[in-house]
Amino acid sequence: MKTLSVRDVIGPIMIGPSSSHTAGALRIALMTRQMLGAEPRTVEFRLYGSFCHTYQGHGTDKALVAGMLGLAPDDERIRTSFELAAEAGLAFTFTPLPNAETRHPNTVDILVTSADDSQLSVRGESIGGGAAVISAINGVEVQLTGEHHSIVTEQRDVQGVLAHITACLNAANINIATVRLFRTKKGQTAYTVIETDEELPAHLAEAILLNPNITSVNVIRSEKVDDESQRRAVDDAAQATWHGRPLPAFDEVDYPDGAALLAYCRENELPISDAICVRERALLLRDGLHTDSTSEYLDDVLDVMRAAATGPLSEPRASMGGLIGGEARKLMDLWGSGEGLRDELMAKAAIYSMAVLETNASMGKIVAASTAGSSGVIPGVLFALQDVHGFSHERLHRALANAAAVGYLIARNATVSGAEGGCQAEVGSASAMAASAACELLGGTPEQCLGAASIAIAGLLGLVCDPIAGLVEAPCQKRNATGAVNALVSAQIALAGCTDLVDFDQTVEAMYQVGRALPFELRESALGGLAATPAACAFCESCRR
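Conventions and cut-offs
Residues numbered from 1 in each chain as written. Predicted model: local features only at pLDDT ≥ 70, side-chain atom pairs only at ≥ 80, totals over all residues. Heavy atoms only, no water. Helix = DSSP H or I, 4+ residues; strand = E, 2+ residues; numbered from the N terminus. Rg over C-alpha atoms; globule rule 2.2 N^0.38 Å. Buried < 20%, exposed > 50% of the residue type's maximum accessible area, 1.4 Å probe, protein only. Contact = heavy atoms within 4.5 Å. Areas by Shrake-Rupley, 256 points an atom, 1.4 Å probe, with all protein chains shown as cover. Pairing = 2+ DSSP bridges. Axes fitted to C-alpha atoms, helices over the stretch in contact; angles between N-to-C directions. Disulfide = S-S within 2.5 Å. Core = buried A, V, L, I, M, F, W, Y, C linked by side-chain atoms within 4.5 Å. Parallel < 35°, antiparallel > 145°, perpendicular 65-115°, else oblique. Nonpolar A, V, L, I, M, F, W, Y, C, P; charged D, E, K, R; others polar. Phe/Tyr/Trp six-rings, centres within 6.5 Å; stacked < 30°, edge-to-face > 60°. Lys NZ or Arg CZ within 6 Å of the ring centre and 35° of its normal. Salt bridge = Lys/Arg side-chain N within 4 Å of Asp/Glu carboxyl O. pLDDT = per-residue confidence, 0-100.

## Focus on the overall build of the protein
In step 1: Broken down by element type, the protein carries 22 helices and 14 strands.
In step 2: Relative to the 2.2 N^0.38 estimate, which gives 24 Å for 545 residues, the radius of gyration of the protein is 23 Å and therefore close to what a compact globule would have.
In step 3: Along the first, second and third principal axes, the C-alpha atoms of the protein reach 75 × 65 × 40 Å.
In step 4: Taking all 545 residues of the protein together, the buried fraction comes to 56%.
In step 5: A fraction of 75% describes how many contacts in the protein between residues 6 or more apart in sequence connect residues 24 or more apart.
In step 6: For the protein, the exposed surface amounts to about 21500 Å²; the carbon and sulfur share of it is 51%.

## As for the sheet that holds strand β10 (residues 189–196)
The strands that make up a sheet are held in pairs by hydrogen bonds between backbone atoms, and each pair lies either parallel or antiparallel.
In step 1: In space, the 4 strands of this open sheet follow the order β9-β10-β8-β11, with antiparallel pairing throughout. The sheet is open, and its two borders are formed by β9 (176–183) and β11 (214–220), each paired with just one other strand. Going from strand to strand, the sheet's axes swing by 15° on average, the running direction of each strand aside.

## A few points about the state of the cysteines
In step 1: With the rule as written, the count across this model stands at 0 disulfides.
In step 2: This cysteine, C423, is not joined by any disulfide, and C465 carries the nearest cysteine sulfur, 5.5 Å off.
In step 3: Owing to a relative accessible area of 8%, C423 belongs among the buried residues under this scheme.
In step 4: Unpaired in terms of disulfides, C449 finds its nearest cysteine sulfur in C439, a separation of 4.2 Å.

## Observations regarding the nonpolar core
In step 1: Counting residues in hydrophobic clusters, the biggest one holds 96 residues, and the most contacted among them are I10, I378, L400, I410 and F504.
In step 2: No other element matches the 11 residues that helix α15 (residues 393–413) contributes to this core.
In step 3: With residues up to four places along the chain from it excluded, the contact list for I410 reads T415, V416, S429, A432, I457, F504, V508 and M511.
In step 4: Within the second largest apolar cluster, 43 residues are counted, among which are C52, L90, V122 and I137.

## Regarding the packing of helix α11 (residues 294–314) against helix α13 (residues 344–361)
In step 1: Interhelical geometry of α11 versus α13 gives an angle of 90° and a closest axis separation of 7 Å. Between α11 and α13, the interaxial angle falls into the category roughly perpendicular. Of the residues in α13, those touching α11 at M305, A308, A309, T310, P312 and L313 are I351, Y352, A355, V356, E358 and T359.
In step 2: Tallied by class, the residues present in the contact of α11 with α13 amount to 9 nonpolar, 2 polar and 1 charged.

## Quick word on the pairing of strand β2 (residues 40–48)
In step 1: In terms of strand pairing, β2 meets strand β4 (residues 106–114) through 8 bridges, oriented antiparallel. For E44, the partnering residue across the bridge sits in β4 and is L111.
In step 2: Pairing between β2 and strand β3 (residues 91–96): 6 bridges, direction parallel. Within β3, the residue paired with T42 across the bridge is A91.

## Re the sheet that holds strand β6 (residues 131–137)
In step 1: Pairing is mixed in the open sheet, where 6 strands are placed in the order β3-β2-β4-β5-β6-β7. Single-partner strands in this sheet number two, and they are β3 and β7 (140–144). Taken over all neighbouring pairs, the strand axes of this sheet differ in orientation by 25° on average, direction set aside.
In step 2: Where β4 and strand β5 (residues 119–128) come together, 7 bridges link them in antiparallel fashion. Across the sheet, the residue bridging to V112 is L120, located in β5.
In step 3: Along the sheet, helix α2 (residues 19–36) makes contact with β2, β4, β5, β6 and β7, crossing β5 at roughly 150°.
In step 4: Against the sheet, helix α4 (residues 60–68) engages β2, β3 and β4, with an angle of about 145° to β2.

## Notes on unusual backbone geometry
In step 1: Of note, the bond from G11 into P12 is cis; its omega dihedral lies within 30 degrees of zero at 10°.
In step 2: A positive phi angle, close to 50°, is found at N138, a residue other than glycine.
In step 3: Locating N138 in the fold gives a position in the loop between β6 and β7.
In step 4: On the basis of relative accessible area, N138 is assigned to the partly exposed category, the value being 37%.
In step 5: In this model, E269 sits at a positive phi of 55°, which is unusual for a non-glycine residue.
In step 6: Mapped onto the elements of the fold, E269 is located in the loop between α9 (258–268) and α10 (272–286).
In step 7: On the basis of relative accessible area, E269 is assigned to the exposed category, the value being 73%.

## Concerning the packing of aromatic side chains
In step 1: In the structure shown here, the tally under the stated rule is 7 aromatic pairs.
In step 2: Taking the centre distance of 5.6 Å and the plane angle of 55° together, the rings of Y255 and Y264 count as tilted. Residue Y255 shares its accessibility class with Y264, and that shared class is buried.
In step 3: Here the aromatic rings of Y352 and F383 are separated by 6.1 Å at their centres, their planes lie at 80°, and the arrangement is edge-to-face. Of this pair, Y352 sits in helix α13 while F383 sits in helix α14 (residues 377–389); the two residues are 31 residues apart in sequence, bridging distant segments of the chain.
In step 4: Owing to a relative accessible area of 12%, Y352 belongs among the buried residues under this scheme.
In step 5: Through successive ring pairs, a cluster of aromatic residues spans F45, Y55, F82, F92 and F94.
In step 6: Over the face of the ring belonging to Y48 we find R123, whose NZ or CZ atom lies 4.9 Å from the ring centre.
In step 7: If you follow R279 out to its NZ or CZ, it ends over the ring of Y408, 4.1 Å from the centre.

## Re the pattern of salt bridges
In step 1: Under the counting rule described, the total for this entry stands at 16 salt bridges.
In step 2: For R46, the salt bridge identified is with E44, shortest N-O distance 3.2 Å.
In step 3: Through salt bridges that share partners, D254, R279 and R412 make up one connected network.

## Thoughts on the confidence of the model for the protein
In step 1: Here the protein shows a mean pLDDT of 91. Residues at 70 or above account for 96%.
In step 2: Confidence over residues 226–238 falls short of pLDDT 50; this stretch has 23 contacts with residues more than four positions distant or in other chains.

Set out below in structure tokens:
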């Protein structure tokens, strides 16, 4: 299981509209491009499951092409990737395969030919939150996450090849994180995937290719790894501290569930925001990172969130699919007129959350928290609370850390992917994260924070994912507003001392089981729920054909 960090939960910073269908899809294509090792000239994308049904509305098509061009997930040129591909001489086609069965609902096969006529076939799975896994190369099952710098070698499965590869890395003073050998049958074609802690030198591939049994070597550079300047080994005992306290070993603070997190908070008299920062520092130390840049990262997150939440209020933006645009401004105008509901906190939470989804749906820059489709909930709650209560930037910073702790526990023990668990896994999880963050901001204890998160999940339990026309626009935008208000109500209930009969961990497990029980049509396929109504079908191009 992948070790989740704060950046995995509050992030990535990306171009909308969907973390799994846009950022995750782009990462699959980007890793494919790196494995190809040359400029791609023709590429076919074979789409399965949820990808097959929503690839145009979710920006998956533009993201896949952008990845083949080498663009990063937060590059605003993603929206024009088709035009960029024409300029670069890259021909591409999409082949939806709705009746094929795959292990994961967000799956794509990429068949690419380079300028020198080399060919590559890759299967990738977007596993939620912008993360992706390469699960097959040229028909051989593998496991490549892109979380580390990696070397992928194609070879004959004979004795001595693996020893040669590791000797080359040792000679280059490269520390190996993991080594995996994948093959279909002994003595035939095999692939070795090696993840490393350091960036790989350019000459390494040449050294590895000196073995005649190795036919290709490709270096995959992780764009998620910190700069080299921050990847120095920690050799100063003073670095093993956190705010003057001795830093525990990572295993001691890798909280497996909410009960463990609360136990650590009680034992050390810490709020949840501090407890998750202790874990993050211990994780970085375990991985040999000299500098803890989490604080700077969360500052960047708040800046992106604020721009996404306020930009559409002055300059409304039409969405890519044309279903939404200007709703946040209308809500703000209603509030300013003195009409409608007069509760400022609720009104502003709805305004900001809907504005973020407007930014997201127009392929603007947002922060997936917990996903792009639910990216409006947390900023909606935090900025509304700041407007009404005057909380400082530093207090919002700590609230984000608290939200990350709740999101981490949900992602570890359930899912935040709409394709796996419905909208309850996206807006429901974000609402739980925001509820806990609001509770800490307003003086709640760690127990009350997780109580608020549990209440928020329960309030949205069973919420289906049914994007109209396959777009992350409607009902997604209004559900973000619902999730924000649900979070505030849940925090208020918890702060009043109204406990829930089912604790946080059992509530998360219930959400996971409900998500698994939802039929495919109600998990981001655009085939059920509101998406299947006659009114919604009028917006769907495939329904009109």
